[in-house]
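Chain residues, written in single-letter form:
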Amino acid sequence: MTELTGDRPSGHRHGPAGHERKSLLEDPEEMRRSGYEVVDAIVERWATLRDGPAWQGATRETTEPMLHGPAPEEGRELDGLLEKVLGEVMPLAGRIDHPRFLAFIPSSPTWASVLATFLISGYNIFQGTWLESSGPSQIEVTVLDWFREWLGYPAGSSGVLTSGGSAANLLAIVAAREAAGNPERGTIYLSEQSHGSLARAARVAGIDPGRVRLVAADGASRIVPASLRAALAEDRAGGLHPFLVVGNAGTTNTGAIDPLAEIAGIADGEGLWYHVDGAYGGFAILDPEIRPLMAGLERSDSVTLDPHKWFFQPYETGCLMVKDPGRLETAFRIAPDYLQDAAWGPEHVNFCDRGIQLTRIFRALRIWLSVQRYGLAAHRAEISRAIALARGAAARIRAHPELELLAPPGLGIVCFRYRGPEHAAVPATALDELNRRIQDEIVQSGFAMMSSTRLGGRLSLRFCILNIRTTEEDLADTVDRIVTVGWRLGGSVGA
Ligand SMILES: Cc1ncc(COP(=O)(O)O)c(C=O)c1O
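Residues numbered from 1 in each chain as written. Predicted model: local features only at pLDDT ≥ 70, side-chain atom pairs only at ≥ 80, totals over all residues. Heavy atoms only, no water.

**A short note on the overall build of the chain**
Part 1 of the argument: Within the chain, the regular secondary structure consists of 15 helices and 11 strands.
Part 2 of the argument: Dimensions along the principal axes, computed over C-alpha positions, put the chain at roughly 85 × 60 × 40 Å.
Part 3 of the argument: Residues classed as buried in the chain amount to 50% of the 495 residues present.
Part 4 of the argument: Across the chain, every contact between residues at least 6 apart in sequence was considered, and the portion connecting residues at least 24 apart equals 74%.
Part 5 of the argument: When the accessible surface of the chain is totalled, it reaches about 23,200 Å², and 54% of it is carbon and sulfur. (Helix = DSSP H or I, 4+ residues; strand = E, 2+ residues; numbered from the N terminus. Buried < 20%, exposed > 50% of the residue type's maximum accessible area, 1.4 Å probe, protein only. Contact = heavy atoms within 4.5 Å. Areas by Shrake-Rupley, 256 points an atom, 1.4 Å probe, with all protein chains shown as cover.)

Now the structure itself:
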């Protein structure tokens, strides 16, 4: 048995002169026992995920009486607390890793990455400076170097792990603004299909919303280069200072990949920082068939990746990759006296210099342990499998007379809607409402979790497939259910 050093918990309930002492320490045996219990709960959850609902939620009216209350003055037994958490709190949530959770962008972490998460909290590594975490910092350097190679970035490129894609996009915008000399009339160019985190990041970075241009996308949701050129010309003529263009390696709505090489050419010619948002789709570059579609991504100045999406990591594991980490450090480094001991020289990266977090968790361990445990090939195969599943689901939808694809499948995303049998065509004006009701019914039943979007002014049902447990049957069953519910509801909508 490992001895705890420092204050022994034995007798920790009694302080000097017989006074009861309140302690935050735990007995080692109790730690083991409760720790195993937590592991058992997670393993049990994973083993039975498919049997439970994909989503369960409750209104505040229900949650408040169940869960709200004052902070207790006295501690309680862990067993009862865990029972409450596992029985009453955790179930009221989306089961994001349920095989039929197809909404938004799901996430399905590997076991190794979950274990790593427990470890990094238990060891409570401070991953801000090399001084305080040389081994862990080396692992982050190494993981970032893997990403660098996968993206086709040159040696010397690197980055920083972040809480997610939103944080990475913010860092990219600030780095680009700083690299441009913080122009007073700075203007940035996004796609009208860009993720909302970019416009929010621009707001946080103090860029006037009027100088955030949303460039038109074509019918396949890809930026139209001619529109980008026109917007740039107009803004230059108007005395503005364009400094950043953002392309997408997989849009959130449809999984579209922008013409990344063409945008690279424009960015080169105009002297702009070129950022690619690959939060959803970036890791699909590992798929040999997708890689050519992302040609030009390697010419960018920075890329957002989100390992907690399509690289099978738990929340919060995001990443910003930059071609020149020096520019990131110029934008974010601080050098207060109280950190002077942490300056070990440029070889020894202080990750706090590459973003806004001084105190950072050791996120890299999740990715490192996952890749070491299962191999890169297994991660790549899962990405390819999801793409194949999406194509299969799209083919099924295309072949079904009552369904309509609203966009070509993009990476793992399929957008479609129920339109009813041809002989009893539902009026076009009622289709939005019908599809909204189909989705509500399926979500409320817990069978599958779906989310909708709007494409070309029409409400679209949407599958985002990336879960390591999702099967062809899961998708076929969900499609069948959509048709069954649609058929039943069809008569009552818009009639
Ligand atoms: C393309 C894209 N960019 C950025 C984000 C934001 O990432 P996060 O939710 O990790 O902050 C998302 C999230 O879905 C996304 O799909």
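**Quick notes on the site of the ligand**
Part 1 of the argument: Lining the immediate environment of the ligand, one finds 14 residues, of which G165, S166, D277, D306 and H308 sit closest.
Part 2 of the argument: For the ligand, an oxygen atom lies 2.6 Å from a polar atom in the side chain of S166.
Part 3 of the argument: In the complex, 85% of the free accessible area of the ligand, which totals 390 Å², lies under the protein chains.
Part 4 of the argument: Only helix 6 (165-179) and helix 10 (307-310) provide two or more residues apiece to the shell around the ligand.
Part 5 of the argument: Take the shell around the ligand: its biggest share by element is three residues, from helix 6. (Near = heavy atom within 4 Å. Polar contact = N/O pair within 3.5 Å; in protein donor to acceptor, adjacent residues only side chain to side chain.)

**Description of the pattern of salt bridges**
Part 1 of the argument: Going through the model one piece at a time under the given rule, you end up with 32 salt bridges.
Part 2 of the argument: In this structure, E433 engages R436 in a salt bridge whose closest nitrogen and oxygen atoms are separated by 3.0 Å. A residue pair is termed a helical-turn pair when its members lie 3 or 4 positions apart in one helix, as E433 and R436 do in helix 14 (residues 428-445) at three residues.
Part 3 of the argument: Owing to a relative accessible area of 37%, R436 belongs among the partly exposed residues under this scheme. (Salt bridge = Lys/Arg side-chain N within 4 Å of Asp/Glu carboxyl O.)

**Description of the state of the cysteines**
Part 1 of the argument: All chains considered together, the criterion is met by zero disulfides.
Part 2 of the argument: Cysteine C352 shares no disulfide, and the gap to the nearest cysteine sulfur, in C319, comes to 17 Å.
Part 3 of the argument: By relative accessible area, C352 is classed as buried at 8%.
Part 4 of the argument: Not engaged in a disulfide, the cysteine C415 finds its nearest cysteine sulfur in C464; these two sulfurs lie 9.5 Å apart. (Disulfide = S-S within 2.5 Å.)

**Notes on the domain arrangement of the chain**
Interface size is commonly expressed as the accessible surface area that is lost when the partners come together.
Part 1 of the argument: Along its sequence, the chain is organised into domain 1 (114-375) and domain 2 (377-490).
Part 2 of the argument: For domain 1 versus domain 2, the separation of C-alpha centres amounts to 31 Å.
Part 3 of the argument: Contacts between the two partners involve 25 residues from domain 1 and, on the opposite side, 25 residues from domain 2.
Part 4 of the argument: Counting the surface lost from both domain 1 and domain 2, the interface buries some 1,900 Å², and carbon and sulfur atoms represent 66% of this.
Part 5 of the argument: Seen at the junction of domain 1 and domain 2, the total is one salt bridge.
Part 6 of the argument: Here E289 makes a salt bridge to R391, at a shortest N to O gap of 3.3 Å. (Domains from an automatic or database assignment. Buried area = accessible area lost by both parts, 1.4 Å probe.)

**Quick word on the packing of helix 13 (residues 376-399) against helix 15 (residues 472-490)**
Part 1 of the argument: One can describe the packing of helix 13 onto helix 15 by two numbers: an axis separation of 10 Å at closest approach and a directional angle of 30°. As judged from the angle between their axes, helix 13 and helix 15 are roughly parallel. The two elements helix 13 and helix 15 meet at a crossing, and its hand is right-handed. Seen from helix 13, the contacting residues are L389, A393, R396 and I397; seen from helix 15, they are E472, L475, A476, V479 and D480. (Axes fitted to C-alpha atoms, helices over the stretch in contact; angles between N-to-C directions. Parallel < 35°, antiparallel > 145°, perpendicular 65-115°, else oblique. Left-handed = near helix turned anticlockwise from the far one by under 90°.)

**Section: the pairing of strand 2 (residues 186-191)**
Part 1 of the argument: Burial analysis of strand 2 places six of its six residues in the buried class, the great majority of the element.
Part 2 of the argument: Because side chains alternate across strand 2, one face comprises the buried residues G186, I188 and L190, and the other comprises T187, Y189 and S191, equally buried.
Part 3 of the argument: In the sheet, strand 2 pairs with strand 4 (residues 241-248) via four bridges, with the strands oriented parallel. Opposite I188, over in strand 4, you have L244 as the bridge partner.
Part 4 of the argument: Where strand 2 lies against strand 3 (residues 212-215), four bridges are found, and the strand directions are parallel. Its bridge partner being in strand 3, I188 is matched across the sheet by V212.
Part 5 of the argument: Each parallel crossover has a hand, and for strand 2 linked through helix 7 (residues 196-204) to strand 3 it is right-handed. (Pairing = 2+ DSSP bridges. Right-handed = clockwise from strand over helix to strand, strands pointing away.)

**Details of the sheet that holds strand 11 (residues 458-464)**
Part 1 of the argument: Spatially, the four strands line up as an open sheet ordered 8-9-11-10, and their pairing is antiparallel. Both edges of this open sheet fall to strand 8 (403-405) and strand 10 (451-455), since each of them pairs with a single strand only. Neighbour to neighbour, the strand axes of the sheet diverge by 45° on average, direction disregarded.
Part 2 of the argument: Pairing of strand 10 with strand 11 involves five bridges; the strand directions are antiparallel. Of the residues in strand 11, the one forming a bridge with T453 is S460.

**Some remarks on the confidence of the model for the chain**
Part 1 of the argument: Averaged over the chain, the pLDDT score is 94; the fraction of residues at 70 or greater is 94%.
Part 2 of the argument: The low-confidence segment residues 1-12, where pLDDT is below 50, has 18 contacts with residues more than four positions distant or belonging to other chains. (pLDDT = per-residue confidence, 0-100.)

**Topic: helix 8 (residues 225-237)**
Part 1 of the argument: Taking 1.5 Å per residue as the helical rise, helix 8 with its 13 residues ought to reach 18 Å, and the 18 Å between its terminal C-alpha atoms agrees with that figure.
Part 2 of the argument: Elements that come into contact with the buried residues of helix 8 comprise strand 2, strand 3, strand 4 and helix 9 (260-270).
Part 3 of the argument: Just past helix 8, the residue G239 takes up positive phi, approximately 80°. (Expected span 1.5 Å × (residues − 1).)

**A short note on the environment of I387**
Part 1 of the argument: Following the sequence through the fold, I387 ends up in helix 13.
Part 2 of the argument: What makes I387 buried here is its relative accessible area of 3%.
Part 3 of the argument: Linking I387 and V39, residues 348 residues apart in sequence, is a C-alpha distance of 32 Å.
Part 4 of the argument: When near neighbours in sequence (up to four residues on either side) are disregarded, I387 contacts A284, D287, I290, W310 and L411.

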